Each structure stands twice: as structure tokens, then as C-alpha cells.
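Structural features, examined
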Amino acid sequence: MKITTLTLAVAVVATGLAAEAGQPMNDLEIAHTAYTAGGLDIRYAHLALAISENDAVREFAQTMIRDHTAVNDAAGALIAELNVTPKDNDLSRALVEGAAAKRAEFMQLSGAAFDCAYATNELGYHQLVNKTVAEAFIPAVKVAPLKTLLEDALVTFRAHEAHAERMVDGLECAS
Amino acid sequence: MRQLTSFSRRRFGQGLGASLALVSAPQIARAHGGAHVVTVRMSRFAFLPAGVEIRPGDTVVWTNEDLAPHTATAHDGSWDTGALETATSRRMVFTAPGDFEYFCAFHPHMIGTVAVRPSGGG
Ligand SMILES: [Cu+2]
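The structure reproduced in this document is the subject of the present report. In this text, all values refer to a predicted model and were calculated from it rather than measured experimentally.

All right, on to a nonpolar patch on the surface then. Residues and elements named next belong to chain A. A cluster of nonpolar side chains, contributed by Leu28, Leu82, Val84 and Val143, occupies part of the molecular surface with about 250 Å² of accessible area. Position of Leu82 relative to the elements: it lies in helix α3 (residues 55-82). The exposure class of Leu82 is partly exposed, given its relative accessible area of 36%.

The next point concerns the interface of chain A and chain B. Each partner contributes residues to the interface: chain A has 14 residues there, and chain B has nine residues. Regarding the contact of chain A and chain B, the summed buried area is about 1000 Å², with carbon and sulfur atoms giving 70% of it. In this structure, the connection of chain A to chain B is made through three residue pairs in polar contact (both at pLDDT 80 or more). Looking at the side of chain A that touches chain B, the elements with two or more residues in it are α3 and α6 (144-171) of chain A.

Here the focus is the environment of Cys173 of chain A. Here Cys173 of chain A lies in the segment after α6. Those residues in contact with Cys173 of chain A, other than ones at most four positions away along the chain, are Cys116 and Val168 of chain A.

Moving on: the coordination of the copper ion. Think of it this way: four donors in a tetrahedron around the metal ideally sit 109.5 degrees apart, and six in an octahedron ideally sit 90 or 180 degrees apart. Residues and elements named next belong to chain B. Looking at the metal site, the copper ion is ligated by His70 (ND1), Cys104 (SG) and His107 (ND1), spaced 1.9 to 2.2 Å from it. Sequence positions of the donors to the copper ion reduce to the motif H-x33-C-x2-H. A residue pair is termed long-range when its members are at least 10 positions apart, and His70 in the loop between β4 (59-64) and β5 (73-74) and His107 in the loop between β7 (98-103) and β8 (111-116) qualify at 37 residues.

Counting across every chain of the model gives 13 aromatic pairs over all chains. Judged by centre distance (6.0 Å) and plane angle (45°), the ring pair of Tyr44 of chain A and Phe106 of chain A falls under tilted. Taken as a pair, Tyr44 of chain A in helix α2 (residues 27-51) and Phe106 of chain A in helix α4 (residues 90-106) lie far apart in primary sequence, 62 residues in all. Residue classification places Tyr44 of chain A among the buried positions, given a relative accessible area of 3%. Ring pairs connect the aromatic residues Tyr44, Phe60, Phe106, Phe114, Tyr118 and Tyr125 of chain A, which therefore count as one cluster. Sitting above the plane of the Phe106 of chain B ring, Arg66 of chain A keeps its charged end 3.4 Å from the centroid.

Next up on the list: the state of the cysteines. All names here are of chain A. Taken as a whole, this structure holds one disulfide over all chains when the rule is applied. There is a disulfide in this structure between Cys116 and Cys173, and the S-S distance comes to 1.9 Å. Across the disulfide from Cys116 to Cys173, rotation about the S-S bond amounts to roughly -90°, and the bridge is consequently left-handed. Here Cys116, found in helix α5 (residues 111-140), pairs with Cys173, found in the segment after α6; they are 57 residues apart in sequence, far enough to count as distant.

Reading the values: the criteria
- Residues numbered from 1 in each chain as written.
- Chains lettered and ligands numbered in written order.
- Predicted model: local features only at pLDDT ≥ 70, side-chain atom pairs only at ≥ 80, totals over all residues.
- Heavy atoms only, no water.
- Patch = residues over 30% accessible without salt bridge, like charges linked within 9 Å, V, L, I, M, F, W, Y side chains within 5 Å.
- Areas by Shrake-Rupley, 256 points an atom, 1.4 Å probe, with all protein chains shown as cover.
- Salt bridge = Lys/Arg side-chain N within 4 Å of Asp/Glu carboxyl O.
- Helix = DSSP H or I, 4+ residues; strand = E, 2+ residues; numbered from the N terminus.
- Buried < 20%, exposed > 50% of the residue type's maximum accessible area, 1.4 Å probe, protein only.
- Contact = heavy atoms within 4.5 Å.
- Buried area = accessible area lost by both parts, 1.4 Å probe.
- Polar contact = N/O pair within 3.5 Å; in protein donor to acceptor, adjacent residues only side chain to side chain.
- Donors = N, O, S within 2.8 Å, 3.2 Å for Na, K, Ca; no water.
- Phe/Tyr/Trp six-rings, centres within 6.5 Å; stacked < 30°, edge-to-face > 60°.
- Lys NZ or Arg CZ within 6 Å of the ring centre and 35° of its normal.
- Disulfide = S-S within 2.5 Å.

As C-alpha cells, this is what we get:
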């Protein structure tokens, strides 16, 4: 159950974003998924701020809220400018369901157990999202400003991945 | 000039290419007296150039080219640009000599230095 999201997303990436019906994701679906992924990380971060008492974890969570809000604001502005509506899709739904399951799991935890679970998930989540954005979304997207936005977003998400790696190392979680 | 060049090169040892050192060169060149303005870009989660040398009374302008907000915050707490949203700038005038190490409060791996050196000899 816990790896449903990862498995599905990786499978989707591996098959060149062929959905069940065999349709590749279009720009509106890619935009929806990228926006959704950012929103989900913000939700994880709010949970971390509610539960964690670790300074490094709390600072990371605040940075996730600040940065993903900035990226999604830019995405929202572009969507408004292009006058289009992002389209929900299987990958977005899988991410939402996977994150809901994770949050339910995290809510049972506290202290170091929560910190390690959150930090490890943040690392894995950013690795997955970055791989998807770099290898699937950016090559596939057709509208130039959206491609530019995804490239800029990827710079941010990669910084988060490196930051998450340092956070996990610093917490010295037993593997 | 000579010292400044080695200063930038050391700073750029952090995974950045020689081309960036070339970009930084004009930032620290000065041919005459008077107050100067030096620009530091916040780009792809790095300060470019990471090291600047100025004279007392000079101004440093930080410009954020990333989507994510950044800050330039002195390690010793003596100055702080506060949060710079994307595509915004903030300027700070440095009057007292000293070497100021700074970082981004939101992304602490982003580090830089402002060296405020009295004029004379340079
Ligand atoms: Cu920053």
C-alpha cells in the first residue's frame, strides 16, 4: 500500500507517460500534475510543522511551503495568462491518494520517528518528482513558457532534494 | 586586482565553472574612485559572484533570478536583505570595512562573502 504512488508513478515514467488508455500526457495534464505535486509537498510540510520539534525539520518544512508556494504562484500566473485549465489525470490522482495514505501514516508518529519518516519521504518524493519532471515532463511539454517554468521549478526541486539529503544525514535515522 | 582574481577563483571552487569567474571579473574591476554599485545575482540557488570586494561607501545589489525566495543574511547578524521574491532586488550600502560572510537564510548551502576593504593600494 505504501509504495503504490511510487510504483505507479515510476511505471508511468518508465512507459513514457503512457496512461492506461495508452494516451501520452498532454501539457494540461503535465501542468496539473506538477501543480498537484507542489501542493502535496506543502501539505506534508504543514503536518511537519504541527508535529515536529526538530529545528532542522521545521526549517526545511518552512522552506518547502515558501518555495512550493512561489513555484505554484508562478504556475498559476502562467495558467491565467495562457487562459487554460489544467486537467486532472491518473498520475495526479495517484499522487494525491499516495500522499493521503502517507499523511495518515505520519499522523501516528511523533518525535524522532516522525522526523525520520518525514525526512526520508521528502527525499524520496523529491527524487521521484525530479526524475519525472526531468525525464518525462520537460521533454514532452509543447508550450514554451510551460517548459521554461518546469525547468525553473526543477532547479528549485533539485535544491530541495539536496537539502532533504542533508536533513536525512543530519537526523541519523536508522535505516 | 590581482588579489581579487584569486579571491573569486577560490569562491568559485564550489562546483562552478571558469566561465562564471569571467562573468564576475567586471564586478570587481574599478578604474577610478567614488562610490560603486556591484550586483550579485541569486541564480540557480547560488550567489554569483559568490565573492565581491568593495570599498567603504559602495553598494551591493542582490537580485533574485530564481522562482524561490532567497535572502542574503550576514553570519554575524549585522545585516540582512530580508526575503527577496523572484525578480526583485535589494541594495545595501557598506560603510564599515570588514569581511562579511553571508548565506541564504532559507537555503543555508548558499553562501557568499562581501569584503569591504579601505581604498589605497588597489
Ligand atoms: Cu535561498
